[in-house]
Amino acid sequence: MPSEYIAPDGQSRCYWCGGAPEFLPYHDNEWGFPIDNDQRLFEKLCLESFQSGLSWRTILNKRENLRAAFHHFDFHQVARFGERDVERLLQDAGIIRHRGKIEAAINNAQRAQDLVAQEGSLAAFFWRFEPAPDALKEPQTQTVSPESIALSKALKKRGWKFIGPTTAFALMQAMGLLNDHSYTCITRKRAEQARQQFKRPV
């Protein structure tokens, strides 16, 4: 598979950016850049869970609707959702109408509250699974890693749902827990600079 995509600006990006017009701004401004905001982390985790079995383009196209439906992924609000909310969401054509995924998002919001109470923040917990630089394989050559397996197991042990090793790895890529931009990608350097300047939460 080709390793790069030449964007309209003539610069090289990760190959998957050429798959849809929506991918380029997401790739250039979000994917792989480190974050420590718990609400944004919860959003990323939920979006990766909703994406399971679907295309990422579908998720990006529905992201604003998902944000509206789930109170911008404020997990304190989502944790209060009940069966009536589930039924309401199942009627919302603008989102992913999958009962298991909707119920998992609500369950995970409750588990997020527990995790914050126990660990201080979601960010502090997730960043403990940052892989060592010498443990990284060539970018975009894997869909799971020892760290994503460990993160998935740790979350499942705490009652989280729809967060297997592959979903956990996609979350790690998205939240900048590793820099998985291809070596020829112009955004790789920016993401790495952001990671170097980023203060790891404790």
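Refer to the preceding data block for the structure.
Nothing here was measured: the structure is a model prediction, and the numbers come from that model.

A. Structural detail: the packing of helix α5 (residues 83–90) against helix α6 (residues 99–119). Between α5 and α6, whose axes approach to 10 Å, the crossing angle comes to 135°. Judged on the interaxial angle alone, α6 and α5 are oblique. Both α5 and α6 take part in a crossing whose hand is right-handed. Taken together, the residues of α6 that come into contact with α5 (itself represented by Glu-83, Val-86, Glu-87, Leu-89 and Leu-90) are Arg-99, Ile-102, Glu-103 and Ile-106.

B. Summary view of the packing of aromatic side chains. Using the criterion set out here, one finds 12 aromatic pairs in the structure. Members of the aromatic cluster, connected to one another through ring pairs, are Phe-42, Phe-50, Phe-70, Phe-73, Phe-75 and Phe-81. Taking the ring centre of Phe-81 as reference, the NZ or CZ of Arg-88 above it sits at 5.6 Å.

C. Here's a closer look at helix α2 (residues 38–51). The terminal C-alpha atoms of α2 lie 20 Å apart, and with 14 residues this matches the ideal 20 Å at 1.5 Å per residue to within 8%. The element α2 is largely enclosed, with a buried count of 11 among its 14 residues. For α2, every residue scored as buried is listed here: Asp-38, Leu-41, Phe-42, Glu-43, Lys-44, Leu-45, Cys-46, Leu-47, Glu-48, Ser-49 and Phe-50. N-cap assignment for α2: the residue whose side-chain oxygen lies 3.0 Å from the backbone N of Gln-39 is Asn-37. Looking one or two residues past α2, Gly-53 carries a phi angle of roughly 85°, positive in sign.

D. How the structure looks around helix α10 (residues 186–197). By the burial criterion, the buried members of α10 are Thr-187, Arg-188, Ala-191 and Arg-195. Seen from one end, α10 has its buried residues packed into an arc of 105°, which puts them on one side. Those residues of α10 that are exposed and aimed more than 90 degrees away from the buried face are Lys-189, Gln-196 and Gln-197. Against β2 (12–14) and α1 (23–29) lie the buried residues of α10.

E. Main features of the nonpolar core. Ranked by size, the top nonpolar core spans 55 residues in total, and within it Phe-70, Ile-102, Leu-122, Phe-126 and Leu-155 carry the most contacts. Apart from the residues lying within four places of it in its own chain, the contact partners of Leu-155 are Leu-45, Leu-115, Phe-125, Phe-126, Trp-160 and Ile-163.

F. Expanded view of the layout of surface pockets. Roughly 810 Å³ of volume is contained in the largest pocket. In terms of lining, the largest pocket is formed by 28 residues, of which the most central are Trp-16, Trp-31, Gln-140, Gln-142 and Gln-173. Among the elements that line the lining of the largest pocket, the one with the most residues is helix α9 (residues 165–174), at six residues. Grouping the constituent residues of the lining of the largest pocket by class yields 13 nonpolar, 13 polar and two charged. Each pocket or cavity is described by its volume, and for the second largest pocket that value is around 160 Å³.

Analysis parameters
- Position numbers for residues start from 1 in each chain and track the written sequence from start to end.
- For this predicted model, a pLDDT threshold of at least 70 governs which residues receive local features, and a threshold of 80 or more governs which side-chain atom pairs are given and counted, while totals over whole chains, interfaces and linings are taken from all residues.
- Here the side-chain values reflect all heavy atoms present in the structure, with hydrogen atoms and water set aside.
- Whenever a helix is involved, its axis is fitted only over the stretch in contact; in every case the axis is a line through C-alpha atoms, and angles between N-to-C directions fall within 0 to 180 degrees.
- The secondary structure listing takes helices from DSSP runs of H or I that are at least 4 residues long and strands from runs of E that are at least 2 residues long, numbered from the N terminus.
- Angle categories: roughly parallel below 35 degrees, roughly antiparallel above 145, roughly perpendicular from 65 to 115, and oblique for all the rest.
- By the definition used in this description, the sense in which the near helix is turned from the far one sets the handedness, with an anticlockwise turn below a right angle giving left-handed and a clockwise turn giving right-handed.
- The contact criterion used throughout is that any non-hydrogen atoms of two residues lie within 4.5 Å.
- Note on aromatic pairs: the rings of Phe, Tyr and Trp (six-membered ring only in Trp) are paired at centre separations within 6.5 Å, and the planes decide the class, stacked below 30 degrees, edge-to-face beyond 60, tilted for the rest.
- Remark: a charge is flagged as sitting over a ring if the NZ atom of Lys or the CZ atom of Arg is within 6 Å of the ring centre and within 35 degrees of the ring normal.
- Multiplying 1.5 Å by the helix residue count minus one yields the expected span of that helix.
- Exposure is judged per residue with a 1.4 Å probe applied to protein chains only, and the accessible area is read against the type maximum: over 50% gives exposed, under 20% gives buried, and values in between give partly exposed.
- Under the rule applied, a polar contact is a pair of N or O atoms within 3.5 Å (in protein, one hydrogen donor and one hydrogen acceptor; residues adjacent in sequence only if both atoms are side-chain atoms).
- To obtain the arc, one takes the directions from the helix axis to the C-beta atoms.
- In this description, a nonpolar core means a group of buried Ala, Val, Leu, Ile, Met, Phe, Trp, Tyr and Cys residues linked to one another through side-chain atoms lying within 4.5 Å.
- Points on a 1 Å grid over protein atoms alone make up a cavity when a 1.4 Å probe fits among them but cannot get out, and a pocket when they form an open set with protein on both sides within 12 Å along at least five of seven lines; lining residues each have an atom within 4 Å of a point.
- Grid points are joined across faces, edges and corners, and a volume is the space filled by probe spheres set on the points.
- In this classification, the charged set is Asp, Glu, Lys and Arg, the nonpolar set is Ala, Val, Leu, Ile, Met, Phe, Trp, Tyr, Cys and Pro, and all remaining amino acids, among them Gly, are polar.

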